[in-house]
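The lines below spell out each chain.
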Amino acid sequence: MEISKLLRPHLLNLTPYSSARDEFKGEADVYLDANENAFGSTSSDHFRRYPDPYQAKLKSKISEIKRVQTSKIFLGNGSDEPIDLLIRAFCNPGKDRIIITPPTYGMYEVSANINDVGVVKVPLNEDFSINLINVLDAIEPGIKIIFLCSPNNPTGNSIEQNDVLEILKKFQGLVVLDEAYIDFSPKSSMISALEDYPNLVILQTFSKAWGLAALRLGMAFADKEIIGILNMIKPPYNINGSSQELALKALESHEKMNEMIRGILAQKKRLKSMLEDISTVQMIYPSDANFLLIKIDNAHEVYLKLIERKVIVRDRSKVELCENCLRITIGTEEENNTLIDQLNQIS
Ligand SMILES: Cc1ncc(COP(=O)(O)O)c(C=O)c1O
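Residues numbered from 1 in each chain as written. Predicted model: local features only at pLDDT ≥ 70, side-chain atom pairs only at ≥ 80, totals over all residues.

Section: the overall build of the protein
The number of helices and strands found in the protein is twelve helices and eleven strands. The 347 residues of the protein split such that 37% are buried. Here the contacts in the protein between residues at least 6 apart in sequence split such that 68% fall between residues at least 24 apart. (Helix = DSSP H or I, 4+ residues; strand = E, 2+ residues; numbered from the N terminus. Buried ≥ 20, exposed ≤ 12 C-beta atoms within 10 Å, placed from the backbone. Contact = placed C-beta atoms within 7 Å.)

Here it is as structure tokens:
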């Protein structure tokens, strides 16, 4: 598959912005090339220089952990940035379309809408599995990207890897597999499939298992041609200096993060069993993520009553296939106990 044939034609000849740090990359004594403040800053002198536009140190550490070459890594301002950049790079406004499989993460559709790109919806089956036949049937010439999410938000289940492979084989456009919650899942990432499928893009994030949502740092892994395109159209310094430093520090404590995940999974098991004892809870859906989707009597009223009691969950009851559903993030032991106490009082 030729990535350049998928690209919006006007980008083939784009001259990207060339920053000061693109034009001089070596070490020097005096830097007078980027109009920074030579006198310092009123808060911290540490941040007076522009950050590395391509985040070499951070990517090198990510490359070690994920076992992916640095040339196949893109970092964005949250994974929301590569979602938007992929649509902007490959979908011609007013003409091309993407496929999504609702209920799923909302930003695929919102980014498409912002970019005037059509959205073809192929709903999940009742059990939240992908309707493979319908996805394959929906493929037609104007479809440029298929967005899949595994484990899926808000349903929590994973997509069968064979379904993803089938789509990768039959579709000539990009398949974006969003693995935001993969670190919580007993199933493995599909990152190794990048070797065989140049049309695969995998998204992961520092916002969930790494506990760094405020840094806004998302990862895209893909063929180096796709990464090159994202680098060409991204804002020059899209990852700020403090995010680069703090993420690097977090990656150095990889084992601690795994410990935290084990704690979250233990709480998930506990929360599930406490929810099972609440008579109004009709269903707790299987989840490979750090949240549980539950079906509960009068979900919307329960949601509002929980707010009155200062406990906030996500009301998904208006979402297709999620009638009377609430999405509950796994909290600390204390937070989970508070939720259960309040649910017991409400019901
Ligand atoms: C499936 C999925 N993908 C991506 C994101 C956004 O991640 P980020 O914080 O990296 O933009 C979320 C956030 O909730 C999500 O649920």
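Now that the structure is up, let's keep going.
Looking at the sheet that holds strand 7 (residues 218–222)
On the basis of which strands lie adjacent, the open sheet formed by seven strands has the order 1-7-6-5-4-2-3 and mixed pairing. Both edges of this open sheet fall to strand 1 (73–76) and strand 3 (118–121), since each of them pairs with a single strand only. When the angles between neighbouring strand axes are averaged without regard to direction, this sheet yields 25°. Two strands pair when backbone bridges link them, and strand 4 (residues 143–149) and strand 5 (residues 174–178) are joined in this way by five bridges, in the parallel orientation. (Pairing = 2+ DSSP bridges. Axes fitted to C-alpha atoms, helices over the stretch in contact; angles between N-to-C directions.)

Some remarks on helix 10 (residues 254–276)
Its 23 residues give helix 10 an end-to-end C-alpha distance of 33 Å, which sits within 8% of 33 Å, the value for a rise of 1.5 Å per residue. For helix 10, every residue scored as buried is listed here: Ile-264, Lys-268, Leu-271 and Leu-275. On its buried face, helix 10 sits against strand 8 (281–284), strand 9 (291–296) and helix 12 (333–346). (Expected span 1.5 Å × (residues − 1).)

Side note on the sheet that holds strand 9
Sheet strands associate in pairs through backbone hydrogen bonding, adopting either a parallel or an antiparallel arrangement. Read from one edge of the open sheet, four strands run 8-9-11-10, paired in antiparallel fashion. Strand pairing shows two members of the sheet lacking a second neighbour, strand 8 and strand 10 (314–315), which therefore form its edges. Relative to strand 9, strand 8 is paired through three bridges, and the arrangement is antiparallel. The partner of Met-283 across the bridge, within strand 9, is Lys-295.

Considering unusual backbone geometry
Between Pro-102 and the following residue, Pro-103, the backbone shows a cis peptide bond with an omega angle of 0°. Mapped onto the fold, Pro-103 is located in the loop between strand 2 (97–100) and helix 5 (107–114). The step from Ser-150 to Pro-151 runs through a cis peptide bond, and the omega angle for that step is -10°. Tracing the backbone shows Pro-151 in the loop between strand 4 and helix 7 (161–170). Despite not being glycine, Gln-55 has its phi angle at roughly 50°, a positive value. Along the chain, Gln-55 falls in the loop between helix 2 (20–23) and helix 3 (56–66). Phi angles above zero are rare outside glycine, and Arg-67 is one such case at about 55°.

Here's the deal with the site of the ligand
The local shell around the ligand consists of Gly-78, Ser-79, Asp-80, Tyr-105, Cys-149, Asn-153, Asp-178, Ala-180, Thr-205, Ser-207, Ala-213 and Gly-218. Of the residues belonging to the shell around the ligand, the class tally is four nonpolar, six polar and two charged. (Near = placed C-beta within 6 Å. Nonpolar A, V, L, I, M, F, W, Y, C, P; charged D, E, K, R; others polar.)

As for the nonpolar core
Counting 84 residues, the largest nonpolar core has Leu-86, Ile-98, Ile-145, Val-175 and Val-201 as its most contacted members. With six residues, helix 4 (residues 80–90) is the largest single contributor of residues to this core. Counting the residues that make up this core, at least three belong to each of domain 1 (3–252) and domain 2 (255–346). (Core = buried A, V, L, I, M, F, W, Y, C linked by C-beta atoms within 7 Å. Domains from an automatic or database assignment.)

Topic: the domain arrangement of the protein
Segmentation of the protein into domains returns domain 1 (3–252) and domain 2 (255–346). For domain 1 and domain 2, the distance between their C-alpha centres works out to 29 Å. A breakdown of the residues in the side of domain 1 that touches domain 2 according to their chemical character gives eleven nonpolar, six polar and three charged.

Things to note about helix 7
Along helix 7, the residues classified as buried are Val-164, Ile-167 and Leu-168. Mapping the buried residues of helix 7 onto a view down its axis gives an arc of 100°, with all of them on the same face. Away from the buried face of helix 7 by more than 90 degrees, exposed residues Asn-162, Lys-169 and Lys-170 are located. Among the structural elements, helix 6 (132–138), strand 4, strand 5 and strand 6 (200–205) are those in contact with the buried residues of helix 7. (Arc of directions from axis to C-beta.)

Regarding the pairing of strand 3
In this structure, strand 2 lies alongside strand 3, joined through four bridges in parallel fashion. Its bridge partner being in strand 3, Arg-97 is matched across the sheet by Gly-118. For the segment spanning strand 2, helix 5 and strand 3, crossover handedness is right-handed. (Right-handed = clockwise from strand over helix to strand, strands pointing away.)

Focus on the pairing of strand 9
Taking burial as the measure, the six residues of strand 9 include five buried ones, the bulk of the element. In this structure, the hairpin formed by strand 8 and strand 9 is closed by a connection of six residues. Where strand 9 and strand 11 (residues 325–329) come together, five bridges link them in antiparallel fashion. Pairing of Leu-292 across the sheet is with Ile-328, part of strand 11.

What about the environment of Leu-230?
Mapping Leu-230 onto the fold places it in helix 8 (residues 224–233). Along the sequence, Leu-230 and Leu-85 sit 145 residues apart, while their C-alpha atoms lie 6.5 Å from each other. Once residues within four sequence positions are removed from consideration, Leu-230 is found in contact with Phe-74, Pro-82, Leu-85, Ala-89 and Ala-220.

Some details on the packing of helix 10 against helix 12
Two numbers describe how helix 10 lies on helix 12: the axes approach to 11 Å, and their chain directions differ by 10°. By the angle between their axes, helix 10 is roughly parallel relative to helix 12. Helix 10 and helix 12 meet at a crossing whose hand is right-handed. Of the residues in helix 12, those touching helix 10 at Gln-267, Arg-270, Leu-271 and Met-274 are Glu-333, Asn-336 and Ile-340. Of the residues that constitute the contact of helix 10 with helix 12, the class distribution is three nonpolar, two polar and two charged. (Parallel < 35°, antiparallel > 145°, perpendicular 65-115°, else oblique. Left-handed = near helix turned anticlockwise from the far one by under 90°.)

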